[in-house]
Amino acid sequence: MTALTVATADRTRFLRLVLALDAAVTGVNGLAYLAGAGPLTDLLGPDAGALRGLGIFLLGYAAAVGLLAARGTVSRVATMAVIGLNLAWALGSVAAVLTGLLEFTTIGAIWAIAQALVVAVFAELQIVGLRRLR
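Nothing here was measured: the structure is a model prediction, and the numbers come from that model.

Bringing the packing of aromatic side chains into the picture now. Throughout the structure, instances matching the rule amount to 2 aromatic pairs. Aromatic pair Phe57 and Tyr61: ring centres 6.0 Å apart, planes at 15°, arrangement stacked. Linking Phe57 with Tyr61, this pair stays in helix 3 (residues 48-70), spanning 4 residues, or about one helical turn. Between Phe57 and Trp89, the ring centres sit 6.2 Å apart and the planes meet at 10°, which makes this aromatic pair stacked. You can see Phe57 sitting in helix 3 and its partner Trp89 sitting in helix 4 (residues 76-99), a full 32 residues away along the chain. These aromatic residues form a ring-pair network of at least three members: Phe57, Tyr61 and Trp89.

With that settled, the discussion passes to the environment of Ala88. By the element assignment, Ala88 lies in helix 4. Spatially, the C-alpha atoms of Ala88 and Ala116 are 9.5 Å apart, while their sequence positions differ by 28 residues.

Turning our attention to a positive patch on the surface. A surface patch of positive charge is lined by Arg11, Arg76, Arg131 and Arg134. Within the secondary structure layout, Arg11 lies in helix 1 (residues 3-35).

Parameters at a glance
Residues numbered from 1 in each chain as written. Predicted model: local features only at pLDDT ≥ 70, side-chain atom pairs only at ≥ 80, totals over all residues. Heavy atoms only, no water. Phe/Tyr/Trp six-rings, centres within 6.5 Å; stacked < 30°, edge-to-face > 60°. Helix = DSSP H or I, 4+ residues; strand = E, 2+ residues; numbered from the N terminus. Patch = residues over 30% accessible without salt bridge, like charges linked within 9 Å, V, L, I, M, F, W, Y side chains within 5 Å. Areas by Shrake-Rupley, 256 points an atom, 1.4 Å probe, with all protein chains shown as cover. Salt bridge = Lys/Arg side-chain N within 4 Å of Asp/Glu carboxyl O. Lys, Arg positive; Asp, Glu negative; His and termini not counted. Charge placed at Lys NZ, Arg CZ, Asp CG, Glu CD.

Okay, structure coming up:
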């Protein structure tokens with residue numbers, strides 16, 4: 001390994017870690033929604049079909065983010081897309097609670113807001129990771 005390769009790997013380590021954690025958390029969430037849609041409907045509020053649909057989407061998104069984290073070179077453009085989608089998810093979650101769109105239970109509304117905060121933190125950490133690449 002050359003010094004440049006080591007320096008580049010060190011600069012990308014934080015961003016790769018954050019992307020990998022985002023993928024892992026998103027994947028676990030997606031699996032839970034997909035596998036536990038019935039019981040989660042009673043707890044969170046949205047119907048099982050909506051939870052299964054979210055689960056499938058989240059599993060696909062987690063796979064894409066995981067692949068991004070594992071690539072030899074971390075794409076700035078792809079990372080910016082992940083940041084944008086994370087921020088859209090966070091804002092969409094808050095909007096879904098405020099509008100009553102998914103008919104959350106109280107626990108479901110708390111879960112959606114907590115999840116929005118976690119996703120927003122991932123976006124912020126990904127921004128920090130991109131800045132470290134400069």
